[in-house]
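What follows is the residue order along each chain.
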Amino acid sequence: MAQSGAGIEKKPKTKISGKKTAAYAGFAFFVFIMWLGFQPLKGPPAFGLCRVFLEQRVSYPHELSINQVEIREPLIRLHYTEVNPFGNHTRGMLDCVFRPDPQVGLALAEARFNGMPVPEVELNRFNLSIPAIQANPPSLVLPLPFSDGLEGLKDPKK
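Residues numbered from 1 in each chain as written. Predicted model: local features only at pLDDT ≥ 70, side-chain atom pairs only at ≥ 80, totals over all residues. Heavy atoms only, no water.

**Comments concerning the UniProt feature "transmembrane region" (unreviewed entry) in the chain**
And step 1. The feature "transmembrane region" (unreviewed entry), as given by UniProt, occupies residues 21-38 in the numbering adopted here.
And step 2. Regarding residues 21-38, the helix share stands at 94% and the strand share at 0%, and the terminal C-alpha atoms are separated by 26 Å. (UniProt positions renumbered as here; feature names shortened; annotations may be inferred. Helix = DSSP H or I, 4+ residues; strand = E, 2+ residues; numbered from the N terminus.)

See below:
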């Protein structure tokens, strides 16, 4: 005997209730906020230009790390540590002052390495390379700030 389609009952489509929709939206918002919280802090384009100037200026570093960044427009101050091929650690500071430029947007107006001014010829040479730097932008990720407490200096082995 063949059954007819009249005896089969179809289930009605269920709608998602307002509470479930609110719960899904709340969970999605929470995930979005967590995702934003784990994103690294990024600096302005002037920070990237100052960083590239530092990398070009330091001779043969085995390791170069930026420890702290101070941004006070138009001044960008980088505190860095350099390890040379012989293993000597050197700490330094670079101050970059930028000015608006109609051709490239930003130009390096003044720079000081450890308080010593950089000659104008080197600044002009660097300013000529800014379009190439902007075509291949450097990383703008800022280093993590130092903590004010002494907890980070404790020996983890003890």
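**A look at the sheet that holds strand S1 (residues 63-72)**
And step 1. A sheet is described by the order of its strands in space; here 5 strands give the open sequence S1-S2-S3-S4-S5, paired in antiparallel fashion. Of all the strands in the sheet, just S1 and strand S5 (116-117) have a single pairing partner and so form its edges.
And step 2. Two elements, strand S3 (residues 89-101) and strand S4 (residues 105-113), share 8 bridges in a ladder whose sense is antiparallel. Looking across to S4, one finds that Leu 94 is bridged to Phe 113. (Pairing = 2+ DSSP bridges.)

**Overview of the nonpolar core**
And step 1. Within the largest apolar cluster, 24 residues are counted, with the highest numbers of intra-cluster contacts made by Phe 53, Leu 54, Ile 76, Leu 78, Leu 94, Phe 98 and Leu 108.
And step 2. For this core, the secondary-structure elements that each account for two or more residues are helix H2 (45-57), strand S2 (75-83), S3, S4, helix H3 (120-128) and helix H4 (130-135).
And step 3. Per-element accounting of this core gives the leading share, 7 residues, to H2.
And step 4. Not counting residues within four places of it along the chain, the set of residues in contact with Leu 54 comprises Leu 64, Ile 66, Leu 78, Tyr 80, Leu 94 and Phe 113. (Core = buried A, V, L, I, M, F, W, Y, C linked by side-chain atoms within 4.5 Å. Buried < 20%, exposed > 50% of the residue type's maximum accessible area, 1.4 Å probe, protein only. Contact = heavy atoms within 4.5 Å.)

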